[in-house]
Amino acid sequence: MAHWDLLADRSRIAAVKPAPSGLHPFADNLYRLGKVPAVTISEINGRARGAGSEFVLATDIRFAGSGAVLGQFEVDIGSVPGGNPSGRLPRLLGRGRALEILLGADDFPADLAAAYGYVNRLVPESELEQFVDAFARRVAGFDKVAVRETKALVDAVTQPPAEEFGTALAAFFRTSGRPENAHRVKRLIDGGLQRPDGVEHDLGRQVAPSS
């Protein structure tokens, strides 16, 4: 799932009319996805970095196939991640592992992501779709009130408040696109970022401090 389009006009995106919550629509989408009463499940067997990672973090349960790769590479290009992984990851993994993901800007393949708790578990690729479908149907077959209210109790102690999403996205707009980091973005774009081939296949190894 694609990360944020680094070639987009940031000023135009930042100026988009706020949602009824008062949040920018991007932040609002991620916040509201985490708050819906229904159970949300991600089935991941590809690359989900940046905004893609932030989207799956907003879902309740994440199952990964062997081809899954997750990560938050934004600090390499001088940006604060805007979709509030800084709020979600510490609640999921603890402070140290959250900082490793956010500041290390590396790829987390499915097995490591599962070991850390970035995803719930690793499922063999050939079994992933059937496993997720069976789990979703199992939960859907239970009493709706019990499922909804159990989720609500968990959400009450784990969901970041709306304010965190506004703060995170404001930090992204404030830090991204600074001239001193233009060479970092250009190097990745020239190497095939945001295209089917190139650095997207191995982004964790490609991002590194440069002068």
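Residues numbered from 1 in each chain as written. Predicted model: local features only at pLDDT ≥ 70, side-chain atom pairs only at ≥ 80, totals over all residues. Heavy atoms only, no water.

J.: How should the packing of helix α4 (residues 85-93) against helix α5 (residues 95-104) be read in this particular structure?
T.: A packed helix pair is summarised by two numbers, namely the angle formed by the two axes and the spacing between the axes. Orientation of α4 relative to α5, taken along the N-to-C sense of each, is 140°, at an axis distance of 7 Å. In terms of axis orientation, α4 runs oblique to α5. Helix-helix and strand crossings are classified by hand; for α4 and α5 the assignment is right-handed. Contacts between α4 and α5 involve P85, S86, L89, P90 and L93 from the first element and R95, R97, A98, I101 and L102 from the second. Within the contact of α4 with α5, the residues separate by chemical class into 7 nonpolar, 1 polar and 2 charged. (Axes fitted to C-alpha atoms, helices over the stretch in contact; angles between N-to-C directions. Helix = DSSP H or I, 4+ residues; strand = E, 2+ residues; numbered from the N terminus. Parallel < 35°, antiparallel > 145°, perpendicular 65-115°, else oblique. Left-handed = near helix turned anticlockwise from the far one by under 90°. Contact = heavy atoms within 4.5 Å. Nonpolar A, V, L, I, M, F, W, Y, C, P; charged D, E, K, R; others polar.)

J.: Help me out: how do you make sense of the sheet that holds strand β2 (residues 47-49) in this one?
T.: Pairing between the strands of a sheet comes from backbone hydrogen bonds, and it takes one of two forms, parallel or antiparallel. Across the sheet, which stays open at both edges, the 3 strands sit in the order β2-β4-β5 with mixed pairing between neighbours. Edge positions in the sheet fall to β2 and β5 (108-109), since each has one partner strand and no second. Relative to β5, strand β4 (residues 69-71) runs antiparallel, the two sharing 2 bridges. Across the sheet, the residue bridging to L70 is F108, located in β5. (Pairing = 2+ DSSP bridges.)

J.: Before we go on, may I ask you to explain the pattern of salt bridges in this structure?
T.: Think of it this way: side chains of opposite charge can pair up when their charged atoms draw near. Tallying each qualifying case throughout the model produces 9 salt bridges. The residue D60 makes a salt bridge to K151 at a minimum N-O spacing of 2.8 Å. In this pair, D60 sits in the loop between α3 (51-57) and β3 (61-64) while K151 sits in helix α8 (residues 144-158), placing the two residues 91 residues apart along the sequence. Under the relative-accessibility criterion, D60 is labelled partly exposed at 22%. R137 is the salt-bridge partner of D133, the closest N and O atoms lying 2.8 Å from each other. (Salt bridge = Lys/Arg side-chain N within 4 Å of Asp/Glu carboxyl O. Buried < 20%, exposed > 50% of the residue type's maximum accessible area, 1.4 Å probe, protein only.)

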